[in-house]
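# Observations on the three-dimensional arrangement
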Amino acid sequence: MMMMMMMMMKMMMKNMMMMTPRGFSSSATAGRGGQGVVNVLTSNLAPFTNPSEKDNRAAVVLTRGEGVYVYDTDGKKYLDGLAGLWSNALGNGNERIIEAAHAQLKRLAYQHTFWNRTTDIAEEYTSRLVDFGRHRGVVQTFMSCGGSDANDTNVKLAWYYWNAIGQPSRKTVIARKQAYHGVTITASSMSGMETIHKGYGPLPLPWVRHVSTPHYWKYGLPGESEEEYSARLAKELEAVIVREGPDTIAAFIAEPVMGAGGVIPPPRGYWGSIQSILRKYDILFIADEVVTAFGRLGERLGSEFYDIQPDLYTVAKAMSSSYYPLGAALITEKVADAIKNQANKFGVFGHGYTYGGHPVACAIGLECLNIYEEMQIWDHVKRMTPTFQLTLKQLETHPLVGEVRGEGFMLAIEFVADKASKSQIGTKVPPATILANECMKNGLLVRSTGHVLVIAPSLVYTMENFQEMFTKLKKSLDSFDEIVYKELPELPRD
């Protein structure tokens, strides 16, 4: 009898663990798929997730989307406040994109673009992409499947360029702490995040150097202006270049606004100071616009917003509104010419991806670009930005909010225990995660990086969508206060 009771209790506990929400909401056993969904989830090594989490908490399983809303297996509706992963710019269910994909699948589901063979849709789309970036010096593209491999491509192109013009010693790439450039070996090495280096042996690779995060609120010195801070960071960059040897530096890579590192816009004067140093030492500039391209900052490219003049651009995410994996390197004339001359000597340009320039991806990307240009979506973002940014900027009056920062449709809320020292809140669960959990309970999807809450809505958000976001966020903040002050009653309340 005791053995049977223990077995029954074990089964009950297992069932209960399966039904417990993953710190957010929703049971993975309900709705479409049922037990099969749980089995699939336990089979999948999920990205940026603790694998042990699945042992006692069921994942949230989303089954469908309509515009800027998604639904889980219980039918619960969520307002997506992160556009998937900064990327679902047009929301779900756009009939024009769906029809473009369907028509291309019926006409030509796949062919590659190797060996001087191509497809009509790949040629049409890449021509339009060049037109899209021509005013910023773009003359050519190289198609990939996403941001990580496009960043890898741009590093290879930088090396190829320097070899072509007789400076083969230029191999080092300078990136920034807290930057995110992807998770392939090269991209993760350039990313300045310990979480994607830990446990992977030689990462970051030895030819990568990192300079400081340009976060004035956190790292500016007392009495130092933003312009002075920017000048100090430029001097740091120059010192690294001189120490390493200018003839060893291939490229500097940076996001116009740092994204996954916590939505960090640069301080005033930063890009002017940095570009002056790059020009002084003739170093290629790779702009990682995976997040910022196609309107997120209220301009066609994030580089326009800051008047940046890169030699290479990396684009992805909104390129296809994430309806299909798609990315690209956008190449300016001086790099394109050197590549052409060098490849002619070798007889081939030895780089390419099986799915680069995929017909369906190109058809989707082309239709997204058509929609963006017809809507002038960057102008819509520009009009709506004050509603988004200025409304949430008011949260800086909250006693536990140190800074609300952002540009365009990118925003972060950073929590602190003390506004003067900027010390972190020591709750068992990080504060931004507490708030993200409460947001999910209230039907709003946002992102926590621990002490920073990130919001990056789809580019088609309306005033009504923002009002709904603000309402859900306010309700979630009320719950956040209850949880945090109960655990740490000594925290400031005024």
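Starting afresh in each chain, residues are numbered from 1 along the sequence in its written order. Selection of residues for local features in this predicted model requires a pLDDT of at least 70, selection of side-chain atom pairs for listing and counting requires 80 or more, and totals for whole chains, interfaces and linings are taken over all residues. As a rule here, side-chain values cover all heavy atoms of the structure and leave hydrogens and water aside.

## Quick look at the pattern of salt bridges
Between side chains of opposite charge, a pair can form as their charged atoms come close. Convention followed: Note on definitions: salt bridges are taken to be side-chain nitrogens of Lys or Arg within 4 Å of carboxyl oxygens of Asp or Glu. For the purposes of this entry, the term helix denotes a DSSP run of H or I that reaches at least four residues, the term strand denotes a run of E that reaches at least two, and both are numbered from the N terminus.
Under the defined criterion, the tally for this structure stands at 22 salt bridges. For Arg-136, the salt bridge goes to Asp-307, with nearest N and O atoms at 3.9 Å. Note that Arg-136 is positioned in the loop between α5 (120–133) and β4 (138–144) and Asp-307 in the loop between α11 (302–306) and β9 (312–315), a separation of 171 residues in sequence. If you follow the salt bridges from partner to partner, you end up with Lys-218, Glu-403, Arg-405 and Glu-414 in one network.

## Side note on the side chain of Thr-119
This is how it is decided: Definition of a polar contact: a pair of N or O atoms within 3.5 Å, with one able to donate and the other able to accept a hydrogen when the atoms are protein atoms, and with sequence-neighbouring residues admitted only if both atoms are side-chain atoms. Two residues qualify as a contact provided that any one of their heavy atoms is within 4.5 Å of a heavy atom in the partner residue.
Structurally, the position occupied by Thr-119 is in the loop between α4 (95–107) and α5. Polar side-chain contacts of Thr-119 include one of 3.1 Å to the backbone nitrogen of Ala-122. Not counting the four nearest positions on each side in its chain, Thr-119 is found in contact with Leu-108, Gln-111, His-112 and Pro-359.

## Describing the sheet that holds strand β3 (residues 77–80)
Cut-off, in case you're wondering: By the convention used here, strands pair only if DSSP detects at least 2 bridges between them.
The strand order across the open sheet built from 4 strands is β1-β2-β3-β13, with neighbouring strands paired in mixed fashion. Among the strands making up the open sheet, the edge pair consists of β1 (62–66) and β13 (444–445). Inspection of the sheet shows β3 paired to β13 by 2 bridges, in the parallel sense. Paired with Asp-80 across the two strands is Leu-445, which belongs to β13.

## With respect to the packing of aromatic side chains
Stated formally: Two aromatic rings from Phe, Tyr or Trp, using only the six-membered ring of Trp, form a pair when their centres are within 6.5 Å; if the ring planes differ by under 30 degrees the pair is stacked, by over 60 it is edge-to-face, and anything between is tilted.
Inspection of every chain in the model, using the stated rule, returns 22 aromatic pairs. Ring plane angle 85 degrees and centroid distance 5.3 Å describe the contact between Tyr-160 and Phe-349, whose orientation is recorded as edge-to-face. Residue Tyr-160 is located in helix α6 (residues 147–164), and its partner Phe-349 is located in the loop between α12 (333–346) and α13 (359–375); the two are separated by 189 residues in the primary sequence. Geometrically, the ring pair formed by Phe-252 and Phe-285 is tilted, given 5.8 Å between the ring centres and 50 degrees between the ring planes.

## So, the confidence of the model for the chain
Quick reminder of the rule: The quantity known as pLDDT measures the predictor's confidence residue by residue, on a range of 0 to 100.
For the chain, the average pLDDT comes to 91, and 91% of its residues sit at 70 or higher. Segment residues 1–39 is flagged for pLDDT under 50; beyond a separation of four residues in sequence, or across chains, it makes 58 contacts in the model.

## A look at the packing of α4 against α13
Stated formally: Axis definition: a line fit to C-alpha positions, over the contact stretch in the case of helices; interaxial angles, taken between N-to-C directions, run 0 to 180 degrees. Angles are sorted into four bins: roughly parallel if under 35 degrees, roughly antiparallel if over 145, roughly perpendicular if 65 to 115, and oblique for all others. Note: crossing handedness is left-handed where the near helix turns anticlockwise from the far helix by less than a right angle, and right-handed where it turns clockwise. Throughout this entry, Asp, Glu, Lys and Arg are counted as charged residues, while Ala, Val, Leu, Ile, Met, Phe, Trp, Tyr, Cys and Pro are counted as nonpolar. The remaining residues, Gly among them, count as polar.
Between α4 and α13, whose axes approach to 9 Å, the crossing angle comes to 150 degrees. It follows that α4 is roughly antiparallel to α13 by the angle criterion. Once α4 is placed against α13, the crossing between them reads as right-handed. Here Arg-96, Ile-97, Ala-100, Ala-101, Gln-104 and Leu-105 of α4 come into contact with α13, specifically with Pro-359, Val-360, Ala-363, Ile-364, Glu-367, Cys-368, Asn-370, Ile-371 and Glu-374. When its residues are assigned to classes, the contact of α4 with α13 shows 10 nonpolar, 2 polar and 3 charged.

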